[in-house]
Amino acid sequence: QVQLVESGGGLVQAGGSLRLSCVASGRFDSINVMRWYQQAPQKRRELVASLTSGGNTNYVDSVKGRFTISRDNAKSTVYLQMNSLKPEDTGVYYCALYSIQEGRYYWGQGTQVTVSS
């Protein structure tokens, strides 16, 4: 069973930075896609950034140039560096691992990010 544990959320002023971490444990494919999702208040969960095991990244337009997704395979950890934060970045951020072999997602419990104006 795969477990994902996020950390690093908090309260920050607009223009500030946060780094989210997601530690994966258990047995999982080395070939996978790691993703960060945002669920803003009263909105649907939306994909923010993704990173394949081959190193390809993808970002939603609203965070391009501000957020960076990366991974440390030795630590089984994926990061989301969030710079120049805006109030609209507020929400619960979820880490997800998509297993290509299993064809399914594993989800973390989420970490709250609040950006004050």
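Structure's up top.
These numbers were taken from a predicted model, which means no experiment stands behind them.

**Details of the nonpolar core**
Piece 1. Core analysis: the largest hydrophobic core is formed by 26 residues, its most contacted members being Leu4, Trp36, Phe67, Ile69, Leu80, Met82 and Tyr93.
Piece 2. Elements supplying a minimum of two residues to this core: β3 (18-25), β4 (32-39), β5 (45-52), β7 (67-72), β8 (77-82), β9 (91-99) and β11 (111-116).
Piece 3. Ranked by residues supplied to this core, first place goes to β3 with four residues.
Piece 4. Discounting chain neighbours no more than four positions away, the residues touching Leu80 are Leu18, Arg19, Leu20, Trp36, Ala49, Phe67, Thr68, Ile69 and Tyr93.

**Points about the sheet that holds strand β1 (residues 3-7)**
Piece 1. One open sheet holds the four strands; their spatial order is β1-β3-β8-β7, and the pairing between them is antiparallel. Each edge of the open sheet is held by one strand with a lone partner, namely β1 and β7. Across this sheet, the average inter-strand angle for adjacent strands is 15 degrees, counted without regard to direction.
Piece 2. Sheet topology note: the β7/β8 ladder contains six bridges and is antiparallel. In the strand pairing of β8, Thr68 is matched with Gln81.

**Re the state of the cysteines**
Piece 1. What the rule picks out here adds up to one disulfide.
Piece 2. Across a sulfur-sulfur distance of 2.1 Å, Cys22 and Cys95 are joined as a disulfide pair. The sign of the -75 degrees torsion about the S-S bond sets the Cys22-Cys95 disulfide as left-handed. Of this pair, Cys22 sits in strand β3 while Cys95 is found in strand β9, placing the two residues 73 residues apart along the sequence.
Piece 3. Taking the relative accessible area as the measure of exposure, Cys22 reaches 1% and is therefore buried.
Piece 4. With relative accessibility at 0%, the residue Cys95 sits in the buried group.

**Some words on the pairing of β8**
Working note: regular strand, side chains alternate between the two faces of the sheet.
Piece 1. Among the six residues that make up β8, five are buried, leaving the element largely enclosed by the rest of the structure.
Piece 2. Two strands pair when backbone bridges link them, and β3 and β8 are joined in this way by six bridges, in the antiparallel orientation. Across the sheet, residue Leu18 finds its bridge partner in β8, namely Met82.
Piece 3. Linking β7 to β8, which pair antiparallel, is a turn of four residues; within it Ser76 sits at a positive phi near 50 degrees.

**Notes on unusual backbone geometry**
Piece 1. Of note, Gln42 is a non-glycine position whose phi angle comes to about 60 degrees, a positive value.
Piece 2. Relative to the elements of secondary structure, Gln42 occurs in the loop between β4 and β5.
Piece 3. Located in the positive-phi region is Ser76, a residue other than glycine, with phi close to 50 degrees.

**A word on the side chain of Arg35**
Piece 1. For Arg35, the position within the fold is in strand β4.
Piece 2. Only 2.2 Å separates the side chain of Arg35 from the side chain of Tyr105, close enough to count as a polar contact.
Piece 3. Those residues within four positions of Arg35 in sequence are excluded, and the remaining contacts are Leu47, Ala49, Ser50, Tyr94, Cys95, Ala96, Tyr98 and Tyr105.

Calculation rules
Residues numbered from 1 in each chain as written. Predicted model: local features only at pLDDT ≥ 70, side-chain atom pairs only at ≥ 80, totals over all residues. Heavy atoms only, no water. Core = buried A, V, L, I, M, F, W, Y, C linked by side-chain atoms within 4.5 Å. Buried < 20%, exposed > 50% of the residue type's maximum accessible area, 1.4 Å probe, protein only. Helix = DSSP H or I, 4+ residues; strand = E, 2+ residues; numbered from the N terminus. Contact = heavy atoms within 4.5 Å. Pairing = 2+ DSSP bridges. Axes fitted to C-alpha atoms, helices over the stretch in contact; angles between N-to-C directions. Disulfide = S-S within 2.5 Å. Polar contact = N/O pair within 3.5 Å; in protein donor to acceptor, adjacent residues only side chain to side chain.

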